[in-house]
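# Chains, contacts and geometry: an overview
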Protein chains: 2
Amino acid sequence: MISLKGLSAFPITPSNRDGQVDTGALRALLEPLIAAKVDSIGLLGSTGSYPYFSREERLRAVQAATALADGRTPILVGIGALRTDEAVRLAQDARDAGAAAGLLAAVSYTPLTDDEVFEHFQTVARESRLPICIYDNPGTTHFRFTPALIGRLGRVEGIVAVKSPALDAANLAGHLRELRAVVPGGVALGYSADWNCTEALLAGGDTWYSVLAGIFPRICLDIIRAVRSGDAARARQLDARLLPMWELFKAYSGLRVVYALANLRGICTAEPPRPILSLPADAQRRVQETVAALEID
Amino acid sequence: MISLKGLSAFPITPSNRDGQVDTGALRALLEPLIAAKVDSIGLLGSTGSYPYFSREERLRAVQAATALADGRTPILVGIGALRTDEAVRLAQDARDAGAAAGLLAAVSYTPLTDDEVFEHFQTVARESRLPICIYDNPGTTHFRFTPALIGRLGRVEGIVAVKSPALDAANLAGHLRELRAVVPGGVALGYSADWNCTEALLAGGDTWYSVLAGIFPRICLDIIRAVRSGDAARARQLDARLLPMWELFKAYSGLRVVYALANLRGICTAEPPRPILSLPADAQRRVQETVAALEID
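All values reported here derive from a predicted model rather than from experimental measurement.

This next bit is on the UniProt feature "binding site: pyruvate" (unreviewed entry) in chain A. Residues and elements named next belong to chain A. In the numbering used here, UniProt assigns the "binding site: pyruvate" (unreviewed entry) feature to Thr 47. Secondary-structure assignment places Thr 47 in the loop between β2 (40-43) and α2 (55-69). In this structure, Thr 47 is in contact with Phe 10, Pro 11, Ile 12, Thr 13, Val 211 and Leu 255, ignoring residues within four places of it in sequence.

Next up, the structure:
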């Protein structure tokens, strides 16, 4: 069974203006993540702009990633969609293309009830047989998973992990306790929102779903290793070094900053899908100065 | 130039499980709206579940509606999409199919900045030459239009109307004043959120974008006529009669209630697009009892 513990790196999905994925640039982004030995790759996550791509382009991206990883790194794939039938098809595509698991958000337009989200997840898991990570991302979907709903879903066959937003830094241990109490032991509990994830790991979280690791995997792996070896002081020291980066993520969103970083590093010249715009010149400069001062690679 | 004043009726879009629009059932819903002489029809609005349908199905729905209306009733069409290029194509399709205007929401997944939304709207208006109504619907898109942004957009060629949510019942006159101060005189300012729209009209709003009118147009037209004739007391009396319906809309969403109503009235047997579920049996019963007690038709 797939384990989604440790560092899951979430790259952008480079594409052209017409929404076609640039698989060459994608491979250039993924290669260093595989080489650095991240524990998994979160392809077509929110940072990978999954809802902005057609089913065909999403499949092309998954096929490029699984071919490149060739079994070395599990590929977790964003399979979220507004419609249940579309999410089922995306999950089936991902499974057939060799993805290790699907990352399923409660994508919504009409606000959804708990029963609707339960039914949606259950249907996708049942119809695809792809292991599913519950993607709780209220910042984009505006749906909030209660521990009660996570508990109901945690007992559905095929649901193997939860990705929660580490928004309440003061109560990560409490949040973890609440979720552990309601899900079976095998379900991995992990966090996103990079700036709080070192604390989430120290509180006992299984997985760091990281935007920064999609472009700078090594320093994130250093943090993971420090936590694993019980060296909380070193983990916090490394995290503190990244504070200027977290400020940029909070000010401009990780997605927009990582597009700027990928361009700065010469990996690709892609822009986010419109209406999302590249950062304005002054913000780009701030990103450039921050990376230079951080001396990370 | 298209005028979007008065009553704009927003029907559901009946479809099958696979997301194919049932144009026969759609015509059965639209015919009474045209016969009742609503001022416009808001096809494929949020109640019409526009983001849940493919471009092809949206076009089929618009073609069915414009053919049926045959110039008698202007068709306002939801053209929102996550991607700018897709919204442009939807606007062009709507224009070519004879729509009078496009209703454009700031559909988002990655939260958008004001500049991104401005650019999105400007591009769609420019590339389609379809008159555009700004659709401010934070309940579904989670983007909030400031008066400053409405002011910037109001000066863009082709932007002819604004549909705002009448959420702050106590400050409708103030909100209208704020918007009137920043948009050119020709821009129609209207409201949705049925339960506050009588007050919005009495405060001077130009348009009522109505979910209830998509299934019960006559009582809504009675309210419009009472407001137009200066009879605020009668308008409020009619609105008060509808209070039990507004309670249902607030409890279950207008969309889910109207699906139940359309089924109850035998107009169609459609269900909302999954993951949205039909109302559970107890709620259906409440809807049935409410309509029976209201004696509206």
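A separate point is the UniProt feature "active site" (unreviewed entry) in chain A. Cross-referencing UniProt, the feature "active site" (unreviewed entry) maps to A:Tyr135 and A:Lys163 in the present numbering. Of the residues just listed, which span 29 residues, no C-alpha pair is farther apart than 5.0 Å, and they cluster in one region. Examined against the element boundaries, A:Tyr135 turns out to sit in strand β5 (residues 132-135). Discounting chain neighbours no more than four positions away, the residues touching A:Tyr135 are A:Ser46, A:Tyr50, A:Leu103, A:Leu104, A:Ala105, A:Ala106, A:Phe145, A:Lys163 and B:Tyr109. Setting aside residues no more than four positions away along its own chain, A:Lys163 makes contact with A:Phe10, A:Leu103, A:Cys133, A:Ile134, A:Tyr135, A:Asp136, A:Gly190, A:Ser192 and A:Tyr209.

All right, on to the sheet that holds strand β3 (residues 75-78) of chain A then. Consider a sheet: its strands pair through backbone hydrogen bonds, and that pairing is either parallel or antiparallel. All names here are of chain A. If you walk around this closed barrel you meet the 8 strands as β1-β2-β3-β4-β5-β6-β7-β8, and the pairing is parallel. Sheet twist, expressed as the mean angle between neighbouring strand axes with direction ignored, is 25°. Looking at chain direction, β3 and strand β4 (residues 101-105) are connected through 3 bridges and run parallel. Considered in β4, the bridge of Gly 78 is made with Leu 103. Contacts from α2 reach β2 and β3 within the one sheet, and its direction differs from that of β3 by about 175°. Strands β1 (6-9) and β8 (207-210) of the sheet are contacted by helix α9 (residues 217-228), whose axis makes an angle of about 160° with β1.

Thresholds, definitions, all that
- Residues numbered from 1 in each chain as written.
- Chains lettered and ligands numbered in written order.
- Predicted model: local features only at pLDDT ≥ 70, side-chain atom pairs only at ≥ 80, totals over all residues.
- Heavy atoms only, no water.
- UniProt positions renumbered as here; feature names shortened; annotations may be inferred.
- Helix = DSSP H or I, 4+ residues; strand = E, 2+ residues; numbered from the N terminus.
- Contact = heavy atoms within 4.5 Å.
- Pairing = 2+ DSSP bridges.
- Axes fitted to C-alpha atoms, helices over the stretch in contact; angles between N-to-C directions.

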